[in-house]
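Listed here are the chains, written in short residue letters.
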Amino acid sequence: MPSRDTILLIVFIGIIVNFLLACGLLVVPRLRERRRLRSIMSGTGGGAAIGRSSAHSPGRVSPAALDPETGLDLAPAWARWLADEDSRVRRYGRRATIVLVTVEGLDVLAEHLGVPAATPLTPVVANLRQHARESDRLARLGPAKFGVLLPETDEIRAINYVERVRAACDQWLESGNAALRLSIGWAEVNEGRGMHAAIEIAEDRLVVERRRDPYVEDVRAAVAPTQTRAWTA
């Protein structure tokens, strides 16, 4: 018959084994999720240079898939990010925020002053990158439209990003003496609001901003051909 010390040793070993198993069940899934997020976010960085490989692009994206004017990812990558983030939010109960940014009047500037579209966008993209984190994702969705995905960010924290970008970009755009204006819409993705609904809300907020500060329809007449300001960052 085993001695009392032997029984205590067996019980102690059993407790240790159960403790290790419990830790494994709690820790391993979290480690796997972190590894998956790192894989999704691989290749990100905080550089602000334009024309280089996107600082907010997956490592698997080739340079040919990037926007040649800004170095950002394009709409196909944006759609993949939103689908992945939507699944992650629903599965783990986390939050994220999408931000949509448009530069109003860019077509007028290009038409009347012959300024390449990418030139005035350079500081805009630089500011979007500068105020973003390494895990945030940026994409060019149209000639003057951009999307920013902010993982692990609720709407209140996202407003801080929006206001920093707005202040920096407005200061530069106003100094350009041209009819350019920044419009921004954003919305949170959470357990109660899916990605599709968030996109609709962000688009609606863009419309509200345009109506609040309407674009002057006769701005083409106000833009003088003699305005040849050098559009540099």
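Going by the structure above, here's the rest.
The paragraphs below set out a description of the structure included in this document. These numbers were taken from a predicted model, which means no experiment stands behind them.

The next thing to look at is the overall build of the chain. Looking only at helices and strands, the chain features 7 helices and 4 strands. Moving toward the C terminus, one meets the helices and strands of the chain in the order α-α-β-α-α-β-β-α-β-α-α. Counting the 233 residues in the chain, one finds 41% classified as buried. Of the roughly 13000 Å² that the chain leaves accessible, carbon and sulfur atoms contribute 58%.

Trans is the prevailing form of peptide bonds, just as negative phi is the prevailing case for residues other than glycine. One non-glycine residue, Glu 152, adopts positive backbone phi at about 55°. Locating Glu 152 in the fold gives a position in the loop between strand 3 (145-151) and helix 5 (155-175).

Attention now moves to the packing of aromatic side chains. Per the stated rule, a full pass over the model turns up 1 aromatic pair. With 6.4 Å between their ring centres and 75° between their planes, Trp 78 and Trp 81 make a pair best called edge-to-face. Taken as a pair, Trp 78 and Trp 81 lie in helix 2 (residues 75-92) at a separation of 3 residues, close to a single helical turn. Taking relative accessible area as the criterion, Trp 81 reaches 3% and is therefore assigned buried.

Spatial ordering of the open sheet is given by 2-3-1-4, a layout of 4 strands whose pairing is antiparallel. The sheet is open, and its two edges are formed by strand 2 (137-142) and strand 4 (181-189), each paired on a single side. Each strand axis lies, on average, 20° off the axis of its neighbour in the sheet, ignoring direction. Here 9 bridges tie strand 1 (residues 96-104) to strand 4, and the two strands are oriented antiparallel to one another. Looking at strand 4, one finds that Thr 97 is bridged to Glu 188. The strands touched by helix 6 (residues 195-212) are strand 1, strand 3 and strand 4; relative to strand 4, the strand with the most contacts, the crossing angle is about 155°.

Reading the values: the criteria
Residues numbered from 1 in each chain as written. Predicted model: local features only at pLDDT ≥ 70, side-chain atom pairs only at ≥ 80, totals over all residues. Heavy atoms only, no water. Helix = DSSP H or I, 4+ residues; strand = E, 2+ residues; numbered from the N terminus. Buried < 20%, exposed > 50% of the residue type's maximum accessible area, 1.4 Å probe, protein only. Areas by Shrake-Rupley, 256 points an atom, 1.4 Å probe, with all protein chains shown as cover. Phe/Tyr/Trp six-rings, centres within 6.5 Å; stacked < 30°, edge-to-face > 60°. Pairing = 2+ DSSP bridges. Axes fitted to C-alpha atoms, helices over the stretch in contact; angles between N-to-C directions. Contact = heavy atoms within 4.5 Å.

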